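Residue strings, one per chain:
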Amino acid sequence: MTIFEKIARREIPAAIVHEEDDFFAFKDVNPQAPVHVLIVPKRVIPGLSGSVPGDAELLGRMLVASKEIAKKLGVAESGYRLVINHGADAGESVPHLHIHLLGGRAMAWPPG
Ligand code: 5GP
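Residues numbered from 1 in each chain as written. Predicted model: local features only at pLDDT ≥ 70, side-chain atom pairs only at ≥ 80, totals over all residues. Heavy atoms only, no water.

Caption draft 1: Structural view of the nonpolar core. Ranked by size, the top nonpolar core spans 17 residues in total, and within it Phe 23, Ile 39, Met 62, Ile 69 and Leu 101 carry the most contacts. Elements supplying a minimum of two residues to this core: β2 (23-27), β3 (35-41), α2 (56-72) and β5 (99-103). The element contributing the most residues to this core is α2, with six residues. Those residues within four positions of Phe 23 in sequence are excluded, and the remaining contacts are His 18, Ile 39, Val 40, Pro 41, Lys 42, Leu 58, Arg 61, Met 62 and Ala 65. Counting eight residues, the second largest nonpolar core, distinct from the first, contains Phe 4, Ala 8, Phe 26 and Val 94. (Core = buried A, V, L, I, M, F, W, Y, C linked by side-chain atoms within 4.5 Å. Buried < 20%, exposed > 50% of the residue type's maximum accessible area, 1.4 Å probe, protein only. Helix = DSSP H or I, 4+ residues; strand = E, 2+ residues; numbered from the N terminus. Contact = heavy atoms within 4.5 Å.)

Written as structure tokens, this is what we have:
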């Protein structure tokens, strides 16, 4: 079981900021910005390479929900960044698809 499945089952504590039937969002334990949450499907999609066409609706709803989460966390107006790290070069560390939502400070481009 991935660490995010354990969080979804409340076996590991996390600060949950948004929850729906099949996905939720919680604060990253090692925040890289004043606002840093992870938007995560409750069932494991093992990274983008493990996604299938049947995941498209869920992934789309997670993206649409990100604007409500950003509003709730006070960064909708100031701006925020969504990130999916895929694979070793991108720094992916948890093999359970997740979208980072980062905000609350100005960010550089390109990312480091
Ligand atoms: P990745 O590097 O795979 O894109 O992102 C994984 C993220 O999960 C990291 O930012 C890391 O800080 C976060 N993370 C890993 N374990 C835990 C945990 O147990 N609780 C929470 N809240 N975040 C975690």
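Caption draft 2: Just the pattern of salt bridges, in detail. Summed over the entire model, instances satisfying the criterion amount to six salt bridges. Between Glu 57 and Arg 61 there is a salt bridge, with its nearest N and O atoms 2.9 Å apart. Here Glu 57 pairs with Arg 61, and both are found in helix α2, just four residues apart, close to one helical turn. Measuring nitrogen to oxygen at the nearest pair gives 3.7 Å for the salt bridge that ties Glu 68 to Lys 71. (Salt bridge = Lys/Arg side-chain N within 4 Å of Asp/Glu carboxyl O.)

Caption draft 3: Structural view of the packing of aromatic side chains. This model, assessed by the stated rule, comprises two aromatic pairs. On the numbers, 5.5 Å between centres and 65 degrees between planes, the contact of Phe 4 with Phe 26 is edge-to-face. A residue pair is termed long-range when its members are at least 10 positions apart, and Phe 4 in helix α1 (residues 3-8) and Phe 26 in strand β2 qualify at 22 residues. On the basis of relative accessibility, which here comes to 6%, the residue Phe 4 falls in the buried class. Here Phe 24 and Phe 26 contribute two aromatic rings whose centre-to-centre distance is 5.1 Å and whose plane-to-plane angle is 45 degrees, an arrangement assigned as tilted. (Phe/Tyr/Trp six-rings, centres within 6.5 Å; stacked < 30°, edge-to-face > 60°.)

Caption draft 4: How the structure looks around the site of the ligand. Around the ligand, 16 residues are found, and the nearest of them are Lys 27, Asp 28, Asn 85, Ser 93 and His 100. For the ligand, an oxygen atom lies 2.6 Å from a polar atom in the backbone of Ser 93. Between the ligand and the protein, one listed contact pairs an oxygen atom with a side-chain N or O atom of His 100 at 2.8 Å. The fraction of the free accessible surface of the ligand (520 Å²) that becomes covered by protein chains is 83%. Going through the elements one at a time, α1 and β2 are the ones with two or more residues in the shell around the ligand. The greatest single-element share of the shell around the ligand, amounting to three residues, is contributed by α1. Of the residues belonging to the shell around the ligand, the class tally is seven nonpolar, six polar and three charged. (Near = heavy atom within 4 Å. Polar contact = N/O pair within 3.5 Å; in protein donor to acceptor, adjacent residues only side chain to side chain. Areas by Shrake-Rupley, 256 points an atom, 1.4 Å probe, with all protein chains shown as cover. Nonpolar A, V, L, I, M, F, W, Y, C, P; charged D, E, K, R; others polar.)

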